[in-house]
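# Report on the structure
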Amino acid sequence: MKLEELMADYKNYEVKDKEALLKLLKRPKPKSVYDLEKGDDVWEFYLDGDHGLSTWCNTTYQIGKRDMRNIFLTEEECVKEKTYRQCKTLLERYANGYKWEKDRGNWFLACYYSQNDSRWVVTTYFDVTVMSDQIYFSTVEMAKKAIEEIGEFRILRDYFKIPESDLGKEEFYL
């Protein structure tokens, strides 16, 4: 029951023991990592890439980790971010450090839903404009090799964050 509902029925009552009343109240869960208060449970990345449950203490170290997107409210959020970063790192490895260059081949990956095939597709695109946080490949062959080696299903699920429920069966993909 929410306190607001209780207050509607008892708004004219007086509180005899404020401390006892406060002990009965449960603070709502934070809506974002920026709403955390000391004592809240958080999930965090460790230096070795593992993750675990921790208690928010509001230290400068934890604030720094939060600012670097290494603190999460749930284990599910933490694991999804971890798989995203792993997939992105693999894609960057196949891009081999290539950065967008004016008047050069700038291939990147994109995804779309194919109405004809009734499934999501990862494809390669060529563009002369710069897009923020995009991974570029020097050739279309390198981009296609990344798709083939990492797997279309994994790229869709982990990098593009398409929910598995929307992807269907993994065997439908490369």
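Within each chain, residues carry numbers counting from 1 in the order of the written sequence. Reporting of local features is limited, given that this is a predicted model, to residues whose pLDDT is at least 70; pairs of side-chain atoms are given and counted only at 80 or more, and all residues count toward the totals for whole chains, interfaces and linings. The side-chain figures draw on all heavy atoms in the structure; neither hydrogens nor water molecules are used.

## Some thoughts on the environment of Tyr173
Structurally, the position occupied by Tyr173 is in the segment after α7 (164-167). C-alpha of Tyr173 to C-alpha of Arg154: the two residues are 19 residues apart in sequence and 9.3 Å apart in space. In this structure, Tyr173 is in contact with Arg119, Trp120, Glu152, Phe153, Leu156 and Leu167, ignoring residues within four places of it in sequence. Put simply, DSSP H or I for four residues or longer makes a helix, DSSP E for two residues or longer makes a strand, and each gets a number counted from the N terminus. Contacts are assigned to residue pairs with any non-hydrogen atoms lying within 4.5 Å of each other.

## Remarks on the environment of Gln134
As for its placement among the helices and strands, Gln134 is situated in the loop between β5 (119-126) and α5 (140-150). On the basis of relative accessibility, which here comes to 22%, the residue Gln134 falls in the partly exposed class. The sequence separation of Gln134 and Ala110 amounts to 24 residues, and the corresponding C-alpha distance is 9.9 Å. Between buried and exposed lies partly exposed: a residue is buried under 20% and exposed over 50% of the maximum accessible area for its type, with that area taken using a 1.4 Å probe on protein chains only.

## Looking at unusual backbone geometry
Residue Asn58 is not a glycine yet carries a positive backbone phi of 60 degrees. Considering the arrangement of structural elements, one finds Asn58 in the loop between β2 (51-55) and α3 (60-67). Positive phi values are uncommon outside glycine, yet Lys161 reaches one of about 60 degrees. Of note, Lys161 is situated in the loop between α6 (152-159) and α7.

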